[in-house]
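Architecture and fold: a report
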Amino acid sequence: MNGNYRFGDLPEIISKNNGLDINSLDSDYIRERTRILYDEITSNKQASFSESLYKDIALGLVLELGVAKIIGGTYNDKEFDYTDPETFAWDILGPRGQKIEVKRKNKNFKCLNLNFKNEDYSGKYSFYDTFLKYCGILDYLIVADIVENKVQIEYIIFAKHFRNYIQASNKIAGGSSHFFKDYPAENNDDLIRFSPKIN
């Protein structure tokens, strides 16, 4: 892989450790941290949230903690402060101090679909509003999922070039406004893809 100079030894570490059993994570910590995050979000009167928010937070936390364990990183558990991006702009500090955001890919699509503020049908802020604003201070975006009770990292993206691969999609009701062009990113060494590792 010619792009390893951008990713250091992370691809090798991911390939070796991918497919982490979620039962190896601290379930008590996940429950407590989920409650804290849920309370922080719902106490913000400006935020809009769905009934599935608690479940979504728990799933995201499992992915973040799982990825942190796979790469030997540290979960960002700083108390949220909207004036300080260091408390919310990244999820994991990598083994060499890399700032990494973790997200789950929509299972219903083959590509990474995005919605941007005022460009989707809800008009609400999305993760990508924040990510695009702060991607300059990040090193990587890791896209992962849970497959057969294992955290699987699907790909790692060089965050500082993320904007180069965003394309508007043909909007349909309920659809995403944009998608990430993963194959061009891979061809330009800005993305590395990983095969599922299921034992």
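Look above for the structure.
Residues numbered from 1 in each chain as written. Predicted model: local features only at pLDDT ≥ 70, side-chain atom pairs only at ≥ 80, totals over all residues. Heavy atoms only, no water.

1. Looking at the overall build of the chain
We apply this condition: Segments assigned H or I by DSSP are reported as helices when at least four residues long, segments assigned E as strands when at least two residues long, and all are numbered from the N terminus. Any residue under 20% of the maximum accessible area for its type is buried, any over 50% is exposed, and the rest in between are partly exposed; the area is computed with a 1.4 Å probe on protein chains only. In what follows, residue pairs with any heavy atoms lying within 4.5 Å of each other are defined as contacts. For the area figures, the Shrake-Rupley method with a 1.4 Å probe applies, and any residue is considered shielded solely by the protein chains shown.
Summing up its helical and strand segments, the chain has six helices and 10 strands in all. The buried share of the chain, reckoned over its 199 residues, is 42%. A separation of at least 24 residues holds for 63% of the contacts in the chain among residues at least 6 apart in sequence. Carbon and sulfur atoms make up 48% of the accessible area of the chain, which amounts to about 11100 Å² in all.

2. A word on the packing of aromatic side chains
For clarity, the threshold we go by: Note on ring pairs: Phe, Tyr and Trp rings are taken, using the six-membered ring of Trp, and paired if centres are within 6.5 Å. Classes follow the plane angle, with under 30 degrees stacked, over 60 edge-to-face and the rest tilted. Cation placement over rings: the criterion is NZ of Lys or CZ of Arg within 6 Å of the ring centroid and within 35° of the ring normal.
On inspection of all chains with the given rule, the structure shows eight aromatic pairs. Summarising the aromatic geometry, the rings of Tyr-140 and Phe-158 are spaced 6.4 Å apart at their centres and angled 55° between planes, so their arrangement reads as tilted. Taken together, the residues span a long stretch of sequence, with Tyr-140 in strand S6 (residues 140-147) and Phe-158 in strand S7 (residues 150-158) at a distance of 18 residues. Judged on exposure class, the residue Tyr-140 and its partner Phe-158 are both buried. Three or more aromatic residues joined by ring pairs form one cluster here, namely Phe-7, Tyr-140 and Phe-158. Between Arg-193 and the ring centre of Tyr-183, over which it is positioned, the NZ or CZ distance is 4.6 Å.

3. Let's talk about the pattern of salt bridges
The test is simple: Any Lys or Arg side-chain nitrogen found within 4 Å of a carboxyl oxygen on Asp or Glu counts as a salt bridge.
All chains considered together, the criterion is met by 11 salt bridges. Measuring nitrogen to oxygen at the nearest pair gives 2.4 Å for the salt bridge that ties Arg-31 to Asp-28. Highlighted residues: Arg-31 and Asp-28, both in helix H3 (residues 27-42), separated by three residues, approximately one helical turn. The exposure class assigned to Asp-28 is exposed, which follows from its relative accessible area of 53%.

4. Digging into the environment of Leu-61
Within the fold, Leu-61 resides in helix H4 (residues 53-71). Not counting the four nearest positions on each side in its chain, Leu-61 is found in contact with Ile-30, Arg-33, Thr-34 and Tyr-75.

5. Side note on the pairing of S7
As a reminder, the rule being used: Pairing between two strands is assigned when DSSP locates at least 2 bridges connecting them.
The buried count for S7 comes to eight of nine residues, which makes it a mostly enclosed element. As paired strands, strand S1 (residues 20-21) and S7 are joined by two bridges and run antiparallel to one another. In the strand pairing of S7, Asp-21 is matched with Lys-150. Here S6 folds back onto S7, and the loop between the two strands holds two residues, one of which, Glu-148, carries a positive phi near 50°. One ladder, built from three bridges, connects S7 with strand S10 (residues 191-193); its direction is antiparallel. Within the sheet, the bridge partner assigned to Tyr-155 lies in S10 and is Arg-193.

6. Focus on the environment of Phe-131
Of note, Phe-131 is situated in helix H5 (residues 127-134). Residues contacting Phe-131, with those up to four places away along its chain left out, are Glu-101, Leu-138, Leu-141, Ala-159 and Phe-162.

7. As for the side chain of Asp-182
Residue placement: Asp-182 occurs in helix H6 (residues 182-187). Excluding anything up to four places from it in sequence, Asp-182 contacts Tyr-155, Leu-191 and Arg-193.

8. As for H4
This is how the line gets drawn: Given the number of residues in a helix, its expected span is that number minus one, multiplied by 1.5 Å.
Between its terminal C-alpha atoms H4 stretches 27 Å, which fits the 27 Å expected from 19 residues at 1.5 Å a residue. Gly-72 lies just past H4 and shows a positive phi near 75°.

9. Topic: the nonpolar core
To be explicit about the condition: Only buried residues count toward a nonpolar core. Its members are Ala, Val, Leu, Ile, Met, Phe, Trp, Tyr and Cys residues joined through side-chain atoms within 4.5 Å.
Formed by 31 residues in total, the largest nonpolar core has its most connected members in Val-67, Ile-71, Ile-100, Ile-153 and Ile-156. Put simply, the parts of the chain that give this core at least two residues each are helix H2 (10-17), H3, H4, strand S4 (99-104), S6 and S7. Leaving out residues up to four positions away in the same chain, Ile-71 has contacts with Leu-10, Ile-13, Ile-14, Ile-92, Gly-94, Pro-95, Ile-100 and Ile-153.

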